[in-house]
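Chains, contacts and geometry: an overview
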Amino acid sequence: MPHILHAIPRERSVTVHPEDVLSWFATAERDLPWRAGDVTPWQILVSEFMLQQTPVARVLPIWPDWVARWPTPSATAAASQADVLRAWGKLGYPRRAKRLHECAGVIARDFADVVPDDVELLQQLPGVGSYTARAVACFAYRRPVPVVDTNVRRVVARAVHGQADAGPASAKRDHADVSALLPGDDQAARFSAALMELGALVCTARSPRCDGCPLRSTCRWRLAGSPPPVGPKRPAQRYAGTDRQVRGRLLDVLRDTDSAVSRADLDLAWPVDPVQRERALASLLGDGLVEQLADGRFALPGQDRNDSTASR
DNA sequence: CACTCGTGGCA
DNA sequence: TTGCCAAGAGT
């Protein structure tokens, strides 16, 4: 008997008991609007697009208005890209808004306006990667697939591997890690939501609240004395002065007006460095987030331009 | 694999 | 103040 036990590698012994996480979740779950019972798969997909690299608090004021205005893929696809970009506002990474618009068109045209429930099909949609495909399959269709986001990877890194933070993402290993924890029955989907919630509320990147953690008695990282992260940390990404900031400024000008704007108007948005400004504008045109009209002015793609200032 | 791509809040 | 970070995807 002891012989068998000793043959089990430490890494693989159980440190996460699903029932502990689920009972914690029952009391700690946030009342997020996209978790309500009458929310459709499409509306859940919209929330996942918005939540890609964007905090919940910033999505909260945008999502309800968005899904009320465009409740289905076909309704979304029928909107102009300009209206979509304006409704997206300052959520950031506006290419997501464009991909969401494209995604709506594909679902409306190729899937009869019904969001697929299969991970492989979902992942072929524009803007839908491994995480989002699994999140929709799980949260919208209750499929028992592993859902691995940055929160889950951090919880697993700590509780299972005893490391302060997760290393670089590795789809195969990450999915295997979570699959090993998933309760095999109809609790799997709820468990995935609970694991994400635990990472978001308790097992946070900075100053985790271990006192309130349902895993505190078995967490390998805690049992090891909460050692600091090992290895080199990636240099923090800058924003001030980057092309991304310039793109943001240019797009901000175009979102704020119903009419097309001249190149001189765009110059005002980033006067200091014309070379960088032109590079940013070119990249926005290349991304299809901005278009240039025949008269040389610029506008969000597909917007109505019946403005009286148009030169004839 | 490494890099780009927004934005704002918080320690 | 500045650095860190937030339900990633695409190239």
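Each chain carries its own residue numbering, running from 1 in the direction its sequence is written. Lettering of chains starts at A and numbering of ligands starts at 1, both following the order in which they are written. In keeping with the model being predicted, local features are shown solely for residues with a pLDDT of at least 70 and side-chain atom pairs are shown and tallied solely at 80 or more, while totals for entire chains, interfaces and linings include all residues. As a rule here, side-chain values cover all heavy atoms of the structure and leave hydrogens and water aside.

Below, the discussion takes up the pattern of salt bridges. Salt bridges are identified by distance alone: a Lys or Arg side-chain nitrogen within 4 Å of an Asp or Glu carboxyl oxygen. Here the structure, examined in full by the defined rule, presents 17 salt bridges. Note that D252 and K90 form a salt bridge whose closest N and O atoms lie 3.6 Å from each other. Of this pair, D252 sits in helix α15 (residues 243-255) while K90 sits in the loop between α7 (81-88) and α8 (95-110), placing them 162 residues apart in sequence. A salt bridge links D243 to R279; the shortest N-O distance between them is 2.8 Å. Note that D243 is positioned in helix α15 and R279 in helix α17 (residues 274-287), a separation of 36 residues in sequence. Think of it in three bands: with a 1.4 Å probe and only protein chains considered, a residue is buried below 20% of the maximum accessible area for its type, exposed above 50%, and partly exposed in between. Since its relative accessible area comes to 26%, D243 is described here as partly exposed. A single salt-bridge network, built from bridges that share partners, covers E29, R30, R35, R190 and E197. Helix and strand assignments follow DSSP, with helices taken as H or I runs no shorter than four residues and strands as E runs no shorter than two, numbered in order from the N terminus.

Only a single heavy atom is needed: when it lies within 4 Å of a molecule or strand, its residue is near that molecule or strand. In the vicinity of DNA strand B lie 16 residues, with R58, P94, Y239, R244 and R247 positioned nearest. Backbone atoms, meaning sugar and phosphate, make up 54% of the atoms of DNA strand B lying within 4 Å of the protein. We define a polar contact as two N or O atoms separated by no more than 3.5 Å, with the added condition that, inside protein, one atom must be a possible hydrogen donor and the other a possible acceptor, whereas residues neighbouring each other in sequence contribute only through side-chain atom pairs. Contact between DNA strand B and L91: a base nitrogen at 3.1 Å from a main-chain N or O atom of the residue. Here Y93 contributes a backbone N or O atom positioned 2.8 Å from a sugar or linking oxygen of DNA strand B. Here the surface near DNA strand B takes 4 residues from α15, the largest share from any one element. In this classification, the charged set is Asp, Glu, Lys and Arg, the nonpolar set is Ala, Val, Leu, Ile, Met, Phe, Trp, Tyr, Cys and Pro, and all remaining amino acids, among them Gly, are polar. Each residue belonging to the surface near DNA strand B can be placed in one class, and the counts come to 4 nonpolar, 5 polar and 7 charged.

Here we come to empty space enclosed by the protein. Where empty space is left in the structure can be found by rolling a water-sized probe over the atoms. For cavity detection a 1 Å grid was placed over the protein atoms alone, and a set of points counts as a cavity when a 1.4 Å probe fits there but cannot get out; an open set counts as a pocket when protein lies on both sides within 12 Å along at least five of seven lines, with lining residues being those that have an atom within 4 Å of a point. Grid points are joined across faces, edges and corners, and a volume is the space filled by probe spheres set on the points. Counted according to the given criterion, the structure contains 2 cavities of 30 Å³ or more. Considering only enclosed or pocket space, the largest cavity measures out at about 100 Å³ in volume. In this structure, the largest cavity is lined by 14 residues; those nearest its centre are R158, C203, C210, C213 and C219. Of all the elements in the fold, those that place two or more residues in the lining of the largest cavity are α11 (150-159) and α14 (220-223). When residues in the lining of the largest cavity are grouped by element, the largest group, 3 residues, is from α11. Considered class by class, the residues forming the lining of the largest cavity number 11 nonpolar, no polar and 3 charged. For the second largest cavity, the calculated volume is near 80 Å³.

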